[in-house]
Amino acid sequence: MAVTFASTNQNKYREVQSILSTHGISVDFAQVELIEIQSDSLEEIAKEKAKSAFAKVGRRPVIVEDDGLYVDALKGFPGQYSSHAFNTIGNEGILKLLVGSKDRLAHFRSLIAFFDGRTLSISEGRVAGRISDRITEGGWGYDPIFIPDYADLTFGQLREGKSKYSHRRKALEKFAQWYQKR
Ligand code: IMP
């Protein structure tokens, strides 16, 4: 069983490949730039991304991933704007927005969207946690400021341990179960 993962993000591919290989699903990487529609819904963004990826990789079964970090005290921001927020205000900016806030609760969502030209399927994973007081070492993206509930360290500090219960793992486990039953 093989599927193509379309993304520009090598870090995501490494995590996706290591998780899906444990389910006997082999994953190729197509490093392609995909158009993201503007929407308040992460589901809609992921679905449209999967359809455009399918065309871009030569009409092969494809999966794409869309994530968001949702900070309670910021009413869910950056959410579906996580990528833009990371590239502009970054981790430092998120910490600044939370200065003086006792509420540090946050969660990550990961949506895996699969499309093979006929079937479109979405699998979701979430991990709850909190935003740290400082930027730690390790990881990528928001990893250095996100402490999952199951640990006292940030995703960055957890390094390989991150994959064990991450939002991405939960979404991929659901996807693998669905994919193997087809
Ligand atoms: P996108 O789905 O690639 O648009 O991701 C949204 C944003 O969330 C990007 O800025 C990523 O860097 C960040 N992000 C997604 N997944 C993770 C993760 O596992 N750890 C840290 N940051 C992440």
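For the structure, check the block above.
Residues numbered from 1 in each chain as written. Predicted model: local features only at pLDDT ≥ 70, side-chain atom pairs only at ≥ 80, totals over all residues. Heavy atoms only, no water.

Examining the packing of aromatic side chains
Aromatic rings considered in pairs are described by the distance between their centres and by the relative angle of their planes. Counted by the stated rule, this structure contains 14 aromatic pairs. Members of the aromatic cluster, joined through ring pairs, are Phe 114, Phe 175, Trp 178 and Tyr 179. (Phe/Tyr/Trp six-rings, centres within 6.5 Å; stacked < 30°, edge-to-face > 60°.)

Side note on the layout of surface pockets
Of the voids in this model, the largest pocket is the one considered here, and its volume is about 890 Å³. Considering the residues around the largest pocket, the lining is formed by 37 residues, among which Lys 12, Glu 36, Asp 66, Ser 82 and Ser 83 are closest to the centre. For the lining of the largest pocket, the elements supplying multiple residues, two or more each, are strand E1 (2-7), helix H1 (10-21), helix H2 (42-56), strand E3 (62-71), helix H3 (82-88) and helix H6 (167-181). Broken down by class, the residue content of the lining of the largest pocket amounts to 13 nonpolar, 14 polar and ten charged. In this structure, the second largest pocket spans a volume of roughly 290 Å³. Lining the second largest pocket are 13 residues, with Glu 15, Trp 140, Arg 159, Glu 160 and Ser 163 positioned closest to its centre. Listing elements by their share of the lining of the second largest pocket, those giving two or more residues are H1 and helix H5 (155-158). The element contributing the most residues to the lining of the second largest pocket is H1, with four residues. The class makeup of the residues in the lining of the second largest pocket is two nonpolar, five polar and six charged. (1 Å grid on protein atoms, 1.4 Å probe; cavity = no way out; pocket = protein on both sides within 12 Å on 5 of 7 lines; lining within 4 Å. Points joined across faces, edges and corners; volume = space filled by probe spheres on them. Helix = DSSP H or I, 4+ residues; strand = E, 2+ residues; numbered from the N terminus. Nonpolar A, V, L, I, M, F, W, Y, C, P; charged D, E, K, R; others polar.)

Interpretation in functional terms is not warranted from these geometric data alone.
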